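# Examining the three-dimensional arrangement
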Amino acid sequence: QVQIVESGGGSVQAEGSLRLSCAASGRTFSNYAMAWFRQAPGKEREFVAGITRSGGSTYADSVKGRFTISRDNAKTTVFLQMNSLKPADTAVYYCAVRRAQTIRVSEYDYDYWGQGTQVTVSS
């Protein structure tokens, strides 16, 4: 049974930091690309950052220089370090796994999803 579990969300003031974690189990995910998406109220889900097995990464323009994605292949865990948070970063953050080695920015290219974790940034 595939399980994708996010943790680390919460409430923080602007310019603060949070670190999200995503643990994947139930399959051999270590060769797959993993990514973070987010969805704010009334908006569509959007790509935030993705990472390949070898550590290659891609970021949305809105988070470049502030967010860092990393992964631990041995534990099939992916992290999202979020610094200099802004109220516009407020959203539910989802971890996703793609059954391929390349990163895609469309949510439709991902096969497994977590339940999401709320991030709220106040001004």
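Please refer to the structure placed before this passage.
So, here is what we can say about the structure in this document.

## Considerations on the overall build of the chain
The secondary structure content of the chain amounts to zero helices and eleven strands. Shown N-terminal to C-terminal, the secondary structure of the chain runs as helices and strands in the order β-β-β-β-β-β-β-β-β-β-β. Compactness check: the chain gives a C-alpha radius of gyration of 13 Å against a globular reference of 14 Å for 123 residues, within 12% of the reference. Carbon together with sulfur atoms contributes 44% to the accessible area of the chain, which is approximately 6200 Å² in total. Looking at the chain, you have 14 positive and 10 negative side-chain charges, and the mean spots of the two groups are 6 Å apart.

## Things to note about the environment of Ser 70
Looking at the secondary structure, you find Ser 70 in strand 7 (residues 67–72). Taking relative accessible area as the criterion, Ser 70 reaches 30% and is therefore assigned partly exposed. On a C-alpha basis, the gap between Ser 70 and Ala 33 in space is 11 Å, while along the polypeptide they are 37 residues apart. Ignoring sequence-local partners within four residues, the contact set of Ser 70 consists of Ile 51, Thr 77, Val 78 and Phe 79.

## Things to note about the environment of Ala 33
Residue position: Ala 33 is located in strand 4 (residues 33–39). A C-alpha to C-alpha distance of 8.7 Å links Ala 33 and Arg 104, two positions 71 residues apart in sequence. For Ala 33, the residues in contact, after removing those within four places along its chain, are Ile 51, Thr 52, Arg 71, Ala 96, Val 97, Arg 98, Ala 100, Gln 101, Thr 102 and Ile 103.

## Quick notes on the nonpolar core
Trp 36, Leu 80, Met 82 and Tyr 93 are the most contacted members of the largest nonpolar core, which has 30 residues in total. If you look at the next biggest cluster of nonpolar residues, it comprises seven residues, including Ala 33, Ala 35, Ala 96 and Ile 103.

## Things to note about the sheet that holds strand 8 (residues 77–82)
Strand order in the open sheet formed by four strands is 1-3-8-7, and the pairing between neighbours is antiparallel. On the outer flanks of this sheet lie strand 1 (3–7) and strand 7, each paired with one strand and no other. With direction set aside, neighbouring strand axes in the sheet form an average angle of 15°. Pairing between strand 1 and strand 3 (residues 18–25): five bridges, direction antiparallel. Looking across to strand 3, one finds that Ser 7 is bridged to Ser 21.

## Focus on the packing of aromatic side chains
Going through the model one piece at a time under the given rule, you end up with five aromatic pairs. With a centroid separation of 6.5 Å and an interplanar angle of 75°, the aromatic rings of Tyr 94 and Trp 113 are classed as edge-to-face. Of this pair, Tyr 94 sits in strand 9 (residues 91–98) while Trp 113 sits in strand 10 (residues 112–113), and the two are 19 residues apart along the sequence. Overall, the relative accessible area of 26% leaves Trp 113 in the partly exposed class. Among the aromatic residues, those joined into a cluster by ring pairs are Phe 37, Phe 47, Tyr 94, Tyr 110 and Trp 113. Above the face of the Phe 79 ring, Arg 19 is positioned so that its terminal group lies 4.1 Å from the ring centre. Just above the ring of Tyr 94 sits the side chain of Arg 45; from NZ or CZ to the centre is 4.7 Å.

Definitions and limits used
Residues numbered from 1 in each chain as written. Predicted model: local features only at pLDDT ≥ 70, side-chain atom pairs only at ≥ 80, totals over all residues. Heavy atoms only, no water. Helix = DSSP H or I, 4+ residues; strand = E, 2+ residues; numbered from the N terminus. Rg over C-alpha atoms; globule rule 2.2 N^0.38 Å. Areas by Shrake-Rupley, 256 points an atom, 1.4 Å probe, with all protein chains shown as cover. Lys, Arg positive; Asp, Glu negative; His and termini not counted. Charge placed at Lys NZ, Arg CZ, Asp CG, Glu CD. Buried < 20%, exposed > 50% of the residue type's maximum accessible area, 1.4 Å probe, protein only. Contact = heavy atoms within 4.5 Å. Core = buried A, V, L, I, M, F, W, Y, C linked by side-chain atoms within 4.5 Å. Pairing = 2+ DSSP bridges. Axes fitted to C-alpha atoms, helices over the stretch in contact; angles between N-to-C directions. Phe/Tyr/Trp six-rings, centres within 6.5 Å; stacked < 30°, edge-to-face > 60°. Lys NZ or Arg CZ within 6 Å of the ring centre and 35° of its normal.

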